[in-house]
Amino acid sequence: MDRFPSSTIIPESFLGAKDDLTTQLALVWNQIKAPLIVPLLRLAVFLCLIMSVMMFIERVYMGVVITLVKLFVRKPEKRYKWEPMKDDIELGNSSYPMVLVQVPMYNEREVYQLSIGAACGLSWPSDRIIIQVLDDSTDPTIKELVQLECQRWASKGVNIKYEVRDNRNGYKAGALKEGMKRSYVKQCDCVAIFDADFQPEPDFLWRTVPFLVHNPELALIQARWKFVNADECLMTRMQEMSLDYHFTVEQEVGSSTYAFFGFNGTAGVWRISALNEAGGWKDRTTVEDMDLAVRASLKGWKFLYLSDLKVKNELPSTLKAYRYQQHRWSCGPANLFRKMVLEIINNKKVSLWKKIHVIYSFFFVRKVVAHINTFVFYCIVLPATVLVPEVVVPKWGAVYIPSVITILNAVGTPRSLHLLVFWILFENVMSLHRTKATIIGLLEASRVNEWVVTEKLGDALKAKAGGKAPKKPRFKIGDRIHLLELGVAFYLFFCGCYDVMFGKNHYFIFLFIQALAFFIMAFGYVGTIVPQS
């Protein structure tokens, strides 16, 4: 028996319900597109093109300056007086500056021996150096191990101090500030700072301190970072490409032109009088190193970057650690910019050009515009033009400028040029986190002072000891699914499908590949394949 009599007529409205819904959505879209979507998207394209031009001019300018620096070989020894430290028969070792070496650490089980050993291995008159280990560890076992390591070096005649405090207020900045309060620090002239995974060469002080001795206007000598695990996986190779541009170009240009750049928080030597004059360490942002550098610069002090002096260190080798690090490095500068912009403008000790450099180039373009434009333009606005063909992005803005910027960024690491496509996708995905962190910093939202210590695995130590590091799985699933990345992945995939069916922009291949990159990162899949050079 039929459930419905053959004479029963199914309403036409029921059969066409699906078609009616699609038609209604299309009508709504067409009604709001012309008066609302098109003008807003054109405005977004206009603003993104302005930001792209700002980034383009900044990169070309730095490219020209670094080329001139290399052509005319403007080495630090030619710009500033440098003479090797010599023994004084009458004064003896008292002619050498008293140097404090600070090693802040927090639960560094894998690298504490490496970092303390490197600091204690620095070559300098033994009665003119103090090693200060600032241990904020919360794990009692690790605390005991670090203390025993300090005692072991003390038994060898090294002047090493093990310092702890009963809280972690201010995190690293708080530890450094507390360390500077010790009575024995008053006799010191310079302070060298090394994070727990940094391994300075024995001659580090001989190559840096003479600049401070012979040039009273210099406050900071910054060395370059050398990554011991850059070849560990594809992700570390991508990080190396980004950081090499920072050290090869940005730091060198800042040092050569304005004698100003951001202190990297480690692998540097400060004149203690300059550090104190600037107000010492402050924990108001998560970039206490940059904060100190800007304040010292506003006091008229100059900085020097030594590109030939490299200090070994370790890159984050897990996606989770890298995400947290990038949040801190993006949120902190934006928040510091918010706090200091008026102070920089009202400062009377530095020139107008230096103020413009710090506000516009150092902060606004590099720390705000670069992050926001990379994500908004290439991951949201450009794909949106596929859905709204009335909005056209000029070829120079969509192709030529991004290509030049990308090439200028990549020249810092010539050995990885064949990985350029992977680097573009990696940077676009990470731009989501950097943009979010930048906005949090500018608005001083809830996570503005979030500090998660970057995990160190100590692979360099294991390799040195002759042991083999445990093999990692080819892919690793993250601790959680990142919904923002997943949402962007579906958005890009939808735009790509729409472009295939109706679009005229022909971005679909780029959109599909970028959607895949966001999808992979959303689930925390990170390939640990070592790329062949």
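A quick note: this is a predicted structure, and the numbers were derived from the prediction, not measured.

## So, the nonpolar core
One finds Val101, Ile116, Trp270 and Val294 to be the most contacted residues of the largest nonpolar core, which totals 93 residues. The dominant element in this core, judged by the number of residues it contributes, is strand E5 (residues 218-227), at 7 residues. The contacts of Val294, once residues within four sequence positions are left out, are Phe260, Leu336, Met340, Ile344, Phe362 and Phe363. By size, the runner-up hydrophobic cluster in this structure holds 51 residues, among which are Val45, Met238, Ala370 and Val429.

## With respect to the packing of helix H14 (residues 420-443) against helix H17 (residues 508-522)
At a closest axis distance of 10 Å, the pairing of H14 and H17 adopts a crossing angle of 60 degrees. Taken together, the axes of H14 and H17 are oblique relative to one another. As H14 packs across H17, the resulting crossing turns out to be right-handed. Note on element contacts: H17 touches H14 through Phe510, Ile513, Gln514, Ala517, Phe518 and Met521, opposite Leu425, Phe426, Asn428, Val429, Met430 and Leu432. Looking at the contact of H14 with H17 residue by residue, the class counts come to 10 nonpolar, 2 polar and no charged.

## A look at the UniProt feature "transmembrane region" (unreviewed entry) in the protein chain
Mapped onto this structure's residue numbering, the UniProt feature "transmembrane region" (unreviewed entry) falls at residues 43-73, 368-388, 400-426, 481-501 and 507-530. With 94% helix and 0% strand, residues 43-73 has end C-alpha atoms that lie 45 Å from one another. Between the end C-alpha atoms of residues 481-501 there is a gap of 30 Å, over a span that is 90% helix and 0% strand.

## Observations regarding the sheet that holds strand E7 (residues 302-313)
An order of E3-E2-E1-E4-E6-E5-E7 is seen for the 7 strands of this open sheet, with the pairing classed as mixed. A strand with exactly one partner marks an edge of an open sheet, and here the two such strands are strand E3 (160-163) and E7. The sheet shows a mean angle of 20 degrees between the axes of neighbouring strands, direction not considered. Where strand E4 (residues 190-193) lies against strand E6 (residues 268-271), 4 bridges are found, and the strand directions are antiparallel. Looking at E6, one finds that Ala192 is bridged to Val269. Each of E5 and E7 is contacted by helix H8 (residues 234-257), which is oriented at about 155 degrees to E5, the strand it contacts most.

## Some words on unusual backbone geometry
Despite not being glycine, Asn107 has its phi angle at roughly 50 degrees, a positive value. Summarising the element assignment, Asn107 is placed in the loop between strand E1 (99-105) and helix H4 (112-120). For Ala267, which is not glycine, the phi dihedral falls at a positive 60 degrees. With respect to the helices and strands, Ala267 occurs in the loop between H8 and E6.

## Looking at the side chain of His433
Within the fold, His433 resides in helix H14. Classification of His433 as buried rests on a relative accessible area of 10%. In this structure the side chain of His433 is engaged in a polar contact, spanning 3.1 Å, whose partner is the side chain of Arg323. Those residues in contact with His433 that sit more than four places away from it in its chain are Arg323, His482 and Glu485.

Conventions adopted
- Residues numbered from 1 in each chain as written.
- Predicted model: local features only at pLDDT ≥ 70, side-chain atom pairs only at ≥ 80, totals over all residues.
- Heavy atoms only, no water.
- Core = buried A, V, L, I, M, F, W, Y, C linked by side-chain atoms within 4.5 Å.
- Buried < 20%, exposed > 50% of the residue type's maximum accessible area, 1.4 Å probe, protein only.
- Helix = DSSP H or I, 4+ residues; strand = E, 2+ residues; numbered from the N terminus.
- Contact = heavy atoms within 4.5 Å.
- Axes fitted to C-alpha atoms, helices over the stretch in contact; angles between N-to-C directions.
- Parallel < 35°, antiparallel > 145°, perpendicular 65-115°, else oblique.
- Left-handed = near helix turned anticlockwise from the far one by under 90°.
- Nonpolar A, V, L, I, M, F, W, Y, C, P; charged D, E, K, R; others polar.
- UniProt positions renumbered as here; feature names shortened; annotations may be inferred.
- Pairing = 2+ DSSP bridges.
- Polar contact = N/O pair within 3.5 Å; in protein donor to acceptor, adjacent residues only side chain to side chain.

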